[in-house]
Structures are given as structure tokens and as C-alpha cells.
Amino acid sequence: MVGPSGLFTLLRYTHAGIGLAHGLRRLLCPNRFPSEFAAQADPGSRPAIDPKLGYLGYRFLDGAAVSAAIEYAAAAFPKSQGYSRGSKAGVLNVQNVDIDDPRHRAIRELALHEEILMPVARYLMAPPVLLSAMVWNSPNETQELKASQLFHFDREDVRQIKCFVPIEPIDGDTGALCVLDAVTSKTFVRKTWARGRLPTSKKRYSDEEVYRAVSPDKLRSLTGDAGDILMVDTTSCLHYGSRPAKRGKYHLTMHYVSPHSQRVRAQELPALDVRASLSEMTAAMYRARNAASQTGLEAY
Ligand SMILES: O=C(O)CCC(=O)C(=O)O
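This next bit is on the overall build of the chain. Within the chain, the secondary structure is distributed over nine helices and 11 strands. Here the chain holds 300 residues, and 37% of them are scored as buried. Long-range contacts, defined as pairs at least 24 residues apart, comprise 86% of the intrachain contacts of the chain with a sequence gap of at least 6.

As a further point, take the site of the ligand. Near the ligand the following residues occur: Leu-92, Ser-138, Ser-148, Asp-154, Lys-162, Leu-177, Thr-234, His-239, Gly-241 and Ser-242. Considered class by class, the residues forming the shell around the ligand number two nonpolar, six polar and two charged.

Residue placement: Pro-139 occurs in the loop between β3 (129-138) and β4 (151-152). For Pro-139, a count of 19 C-beta atoms within 10 Å translates into the label partly exposed. For the pair formed by Pro-139 and Lys-79, sequence separation is 60 residues and the distance between their alpha carbons is 9.1 Å.

Glancing now at helix α4 (residues 63-76). In this model α4 runs 20 Å from its N-terminal to its C-terminal C-alpha over 14 residues, within 8% of the 20 Å that 1.5 Å per residue would give. By the burial criterion, the buried members of α4 are Val-66, Ala-69, Ile-70, Tyr-72 and Ala-73. Mapping the buried residues of α4 onto a view down its axis gives an arc of 165°, with all of them on the same face. Opposite the buried face of α4, by more than 90 degrees, sit the exposed residues Gly-63, Ala-64 and Ala-75. Buried residues along α4 sit in contact with α5 (105-111), β3, β5 (161-166) and β11 (249-257).

It is worth spelling out the pairing of β3 at this point. Counted residue by residue, β3 has eight buried out of 10 residues, so it is predominantly covered. Bridge count for β3 against β11 is nine bridges, and the pairing is antiparallel. Across the sheet, Ser-138 pairs through a bridge with Lys-249, a residue of β11.

Across the sheet, six strands lie side by side as β1-β9-β5-β11-β3-β2; this open sheet has antiparallel pairing. Edge positions in the open sheet fall to β1 (55-59) and β2 (93-96), since each of these has one partner strand only. Recorded for the sheet is a direction-independent mean angle of 25° between the axes of neighbouring strands.

At Ala-147, a residue that is not glycine, the phi angle is positive and equals roughly 45°. With respect to the helices, strands and loops of the structure, Ala-147 is situated in the loop between β3 and β4. For Ala-147, a count of 18 C-beta atoms within 10 Å gives the class partly exposed. The residue Ser-242 is not glycine, and still its phi comes out positive at about 60°. Tracing the chain through its elements places Ser-242 in the loop between β10 (239-240) and β11.

Turning our eyes to something else, we now look at the confidence of the model for the chain. Looking at the chain as a whole, the pLDDT averages 80, with 75% of positions reaching at least 70. Predicted confidence for residues 30-37 stays below pLDDT 50, and this span has seven contacts to residues more than four positions away or in other chains.

Before going further, it helps to spend a moment on helix α7 (residues 182-194). The terminal C-alpha atoms of α7 lie 18 Å apart, and with 13 residues this matches the ideal 18 Å at 1.5 Å per residue to within 8%. Within α7 the residues assigned to the buried category are Ala-182, Thr-184, Ser-185, Phe-188, Val-189 and Thr-192. Here the buried residues of α7 occupy an arc of 165° about the axis, which is enough to place them on one side. Looking at the residues trailing α7, positive phi occurs at Gly-196, about 80°.

Parameters at a glance
The residue numbering used here restarts from 1 in each chain and proceeds along that chain's sequence as written. Residue-level local features of this predicted model are given only where pLDDT is at least 70; pairs of side-chain atoms are given and counted only at 80 or more, and the full residue set underlies all totals for whole chains, interfaces and linings. Only DSSP runs of H or I with at least four residues qualify as helices, and only runs of E with at least two residues qualify as strands; both kinds are numbered from the N terminus onward. Note on burial: count the other C-beta atoms lying within 10 Å of the residue's C-beta; 20 or more is buried, 12 or fewer is exposed, in between is partly exposed, and C-beta positions come from the backbone. For every residue pair, C-beta atoms are placed from the backbone, and the pair is scored as a contact if these atoms sit within 7 Å. All residues are tested the same way: a C-beta atom is placed from the backbone, and lying within 6 Å of a molecule or strand makes the residue near it. The classification used treats Ala, Val, Leu, Ile, Met, Phe, Trp, Tyr, Cys and Pro as nonpolar, Asp, Glu, Lys and Arg as charged, and all other residues, Gly among them, as polar. Each helix should span, by expectation, one fewer than its residue count multiplied by 1.5 Å. This arc is taken over the directions from the axis of the helix to the C-beta atoms. Two strands make a pair as long as DSSP finds a minimum of two bridges between them. Fitted lines through C-alpha atoms give the axes, limited to the stretch in contact for helices. The angle between two N-to-C directions lies from 0 to 180 degrees. Per-residue confidence from the predictor is given as pLDDT, running between 0 and 100.

Next comes the structure, spelled out in C-alpha cells:
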């Protein structure tokens, strides 16, 4: 018998559950993405993330903003400094960037840049919350694949965007992040169910397991030069990265979720409009909602 916590886990970690949560969110919270905000996020000539793909790469128009951020990141967060423990040890070295620290202004300005926030907002169907800004350095030296070097899904929200800004070019020799588009990833989930296995967003999958269900031709490697931006919905797209390669991978990572993510804790919400780690857009939306309702923010 599955108890309430088992049911919750099942809902949270299975794709059917994630889909249900997404549907409920849209049904129960129709005003979470007010029309004036939707108008701002309208793509116009802006690049948009196609939900069937779940990823996007484009050249940043404001080249000065991206150059300033990557030059600063290379100087303030050199590769030699990062390290990780646990499952990421030896795979991915992470340095967290406190964007409230005025010294890191160039990274903050990029993380809150509308060329990023607009496509992310539109895709999330909600104002983006910047969960974290980081500098990642993958040595790509470990021989036995483990952790995020194996296919997996993330689970911080029903949709989320990880945004990668190369500090050094990411090419086929740098252990690039490899993704299967959202439709192909769904096919994998469906076929896994059909084989009587429970596909969960906690699991890691071998290449053999994935390619038994979908064609390896669908795999895309997210590569780009300095000045490019790479985005991926790691909830919807099966992915892996930092596999053994000729060179390392070194980039900025900005991680966006919606305000409904379980990672954005309810008690933090009243402070949203003063938290520097949220976009101005998010803050403006919360101010508008507070003013309209006079009741403050409800807990999610
Ligand atoms: O680029 C990588 O090393 C993999 C990152 C990853 O799997 C993730 O961000 O979820």
C-alpha cells in the first residue's frame, strides 16, 4: 500500500506526476502569469525555446554584457579554485557566485539580462527565479562514468532552465552537455513504462538502456563559443555531460525555476521583491500582485 509520502514521491519523481503538477499549476493558478507580463515576454524577434525541443542555443546580442561577465568569471573564479565532493567529485567542480556581492556585478547583470529572462519567462510560463549562479569546470578525466555523466533528468521544477555561458569555447572535445529533445525524452519515459519499469527523475540510465528505446541519432551536443548562450530544460530533456574528453569544460551556469518550484521555499516569498537574486521582472510582478491583492503572497 502506498502511503501519502510514497504517493508524493511517486508524483514528484515520475514524469506522469510532473505532468500532473504542471496541469494543476496551470488550472489552479491562471493568474500566475499576468497578461502584462506575458506581453513583455512576447518573443517578437527574440529567440524562443521550443517546448518540443526543450533546448536552445543563440548568439547573445549584447556582446559587451556577456564579455564582461566571462572575463570577470575567468579572473575571479579560475579553474584551479573549484572543487566538489560526493557524487560530483572529480566530475564537476562548482564555484557558487553570490550575486548579491557587488564585486560580482558583471555576472549578476548577465544573469538578470532580458535576453535571458524573456525566453526563460516565456518557456516557464512564470517569472523566472534565479536559483543559483555558478562557475563550472569539468576536468573530463574520470574514466568510469558516474553521476551526471550518465543520462538523467533533473527535478527542481516541472520546467526549469539551466543556462550555460561558455567562458572557453565548448566543442566536441570538451565533454559538452548532450541532450535528447523533450519529445524523444517523453518517448523514452513511455517505452520504459511499457517495459514494466518505473522511470523516475531520480534515476541514472546507461546509454544502452536509453538507446534501446530511442535512436542515438537524436542526441545533440550543446556546443558554443564565448558569446553564445545555451539553454536546456533539464526536467524535460534527458541529458548527461562532462564525460572523458580531450579538454576540460569551463562555463558560467545560471539556473532558473518558477516561483512554484519546491526549491523556492514558501517562507522566502514575502521577501522576494527585496531579494537581489531575483530578477527585476520577478520583483515587479510580485509588487504588482501584492498591490492588487493587498493580502501579500500566499504560500505555494
Ligand atoms: O555538464 C555536465 O557536466 C552535466 C550537468 C548536468 O547533468 C546537469 O546540470 O544536470
